[in-house]
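Take a look at the letters that make up each chain.
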Amino acid sequence: MPIEMSWYVQDRVILLKFIGDITVEDMQEISANYIDMVDTAEGDWLIHALHDADQMESLPRAIKDTVNNARDAFKHPRSGWTVAYNIRKPVLKLFGNMATGMLRVRYRIFNTRAEALAFLQETDQTLPELVTDQQESL
């Protein structure tokens, strides 16, 4: 699958790595998997998402379908901030901003993982210390 997903910080921050061309079907699957992870996370705090787009080439052109597939994940009661980084193509930044704007969710884009983690650390002070180079090679 062109999206790899794992815990960056167990039960607090999910890392999603987007690889290649992402399809509507990929978005459906990752949304379901994200919801499963959030639902089974221990505790009652918000779960944040890191989106690593370094290797992403494209997203589905059908923005409405993509937004509909992501809606349940983004609107989950325990979904916190979604922070994207390493987005190399301006059109993908625009798409991310449009989709999350339509859903009215907490979303920010940063140039690097270090900037994204610093934002999360400052925004949610209940998080443990986030190591900026942790799992950088994932």
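Residues numbered from 1 in each chain as written. Predicted model: local features only at pLDDT ≥ 70, side-chain atom pairs only at ≥ 80, totals over all residues. Heavy atoms only, no water.

What the chain contains, in helices and strands, is 4 helices and 5 strands. Going from N to C terminus, the chain has its helices and strands arranged as β-β-α-β-α-β-α-β-α. Rg of the C-alpha trace for the chain: 14 Å, near the compact-globule value of 14 Å for 138 residues, within the 12% margin. Residues counted as buried form 48% of the 138 residues belonging to the chain. Considering only intrachain contacts with a sequence separation of at least 6, the fraction spanning at least 24 residues in the chain is 75%. Summed over its atoms, the accessible surface of the chain is roughly 7,300 Å², and 50% of this surface lies on carbon and sulfur atoms. The centroid of the 14 positive side-chain charges in the chain is displaced by 9 Å from the centroid of its 21 negative side-chain charges. (Helix = DSSP H or I, 4+ residues; strand = E, 2+ residues; numbered from the N terminus. Rg over C-alpha atoms; globule rule 2.2 N^0.38 Å. Buried < 20%, exposed > 50% of the residue type's maximum accessible area, 1.4 Å probe, protein only. Contact = heavy atoms within 4.5 Å. Areas by Shrake-Rupley, 256 points an atom, 1.4 Å probe, with all protein chains shown as cover. Lys, Arg positive; Asp, Glu negative; His and termini not counted. Charge placed at Lys NZ, Arg CZ, Asp CG, Glu CD.)

Confidence in the prediction of the chain, expressed as mean pLDDT, is 87, and 94% of residues score 70 or more. Per-element confidence in the chain ranges from a low mean pLDDT of 75 for helix H3 (residues 90-103) to a high of 96 for helix H4 (residues 113-123). (pLDDT = per-residue confidence, 0-100.)

As a further point, take the packing of helix H1 (residues 24-40) against helix H2 (residues 63-74). The geometry of H1 relative to H2 is characterised by a closest axis approach of 8 Å and an angle of 5° between their N-to-C directions. Accordingly, the angle class assigned to the pair H1 and H2 is roughly parallel. Residues Val24, Met27, Gln28, Ser31, Tyr34 and Ile35 of H1 form the contact with H2, whose own contacting residues are Asp65, Thr66, Asn69, Ala70, Asp72 and Ala73. A breakdown of the residues in the contact of H1 with H2 according to their chemical character gives 6 nonpolar, 4 polar and 2 charged. (Axes fitted to C-alpha atoms, helices over the stretch in contact; angles between N-to-C directions. Parallel < 35°, antiparallel > 145°, perpendicular 65-115°, else oblique. Nonpolar A, V, L, I, M, F, W, Y, C, P; charged D, E, K, R; others polar.)

By size, the foremost hydrophobic cluster in this structure holds 28 residues, and its most contacted members are Ile3, Ile14, Leu16, Ile22 and Met56. If you list the elements that add at least two residues to this core, you get strand E1 (3-9), strand E2 (13-21), H1, strand E3 (47-58), H2 and H3. Here this core takes 6 residues from H1, the largest share from any one element. The residues touching Met56, leaving out its near neighbours within four places in the chain, are Phe18, Gly20, Ile22 and Leu92. (Core = buried A, V, L, I, M, F, W, Y, C linked by side-chain atoms within 4.5 Å.)

On to the pattern of salt bridges. Taken as a whole, this structure holds 4 salt bridges when the rule is applied. Asp124 is the partner of Arg12 in a salt bridge, and the nearest nitrogen-oxygen pair spans 3.2 Å. Of this pair, Arg12 sits in the loop between E1 and E2 while Asp124 sits in the segment after H4; the two residues are 112 residues apart in sequence, bridging distant segments of the chain. The closest approach of N and O atoms between Asp52 and Arg113, which form a salt bridge, is 3.7 Å. In this pair, Asp52 sits in strand E3 while Arg113 sits in helix H4, placing the two residues 61 residues apart along the sequence. Just as Asp52 is buried, Arg113 falls in that class too. (Salt bridge = Lys/Arg side-chain N within 4 Å of Asp/Glu carboxyl O.)

Here we take up the sheet that holds E2. Read across the sheet, 5 strands follow the order E1-E2-E3-E4-E5 without closing on themselves; strand pairing throughout is mixed. Taken across any chain shown, the strands that pair with only one partner, and hence form the sheet edges, are E1 and strand E5 (107-110). Across the sheet, the axes of successive neighbouring strands diverge by a mean angle of 20°, strand direction being ignored. As defined by bridge partners, E1 adjoins E2 across 6 bridges and the pair is classed as antiparallel. The residue bridging Ile3 from the neighbouring strand is Phe18, located in E2. Sitting on the sheet, H3 is in contact with E3 and E5, with an inclination near 165° to E5. Where H4 meets the sheet, its contacts fall on E1, E2, E3, strand E4 (79-85) and E5, and the angle it forms with E4 comes to roughly 160°. (Pairing = 2+ DSSP bridges.)

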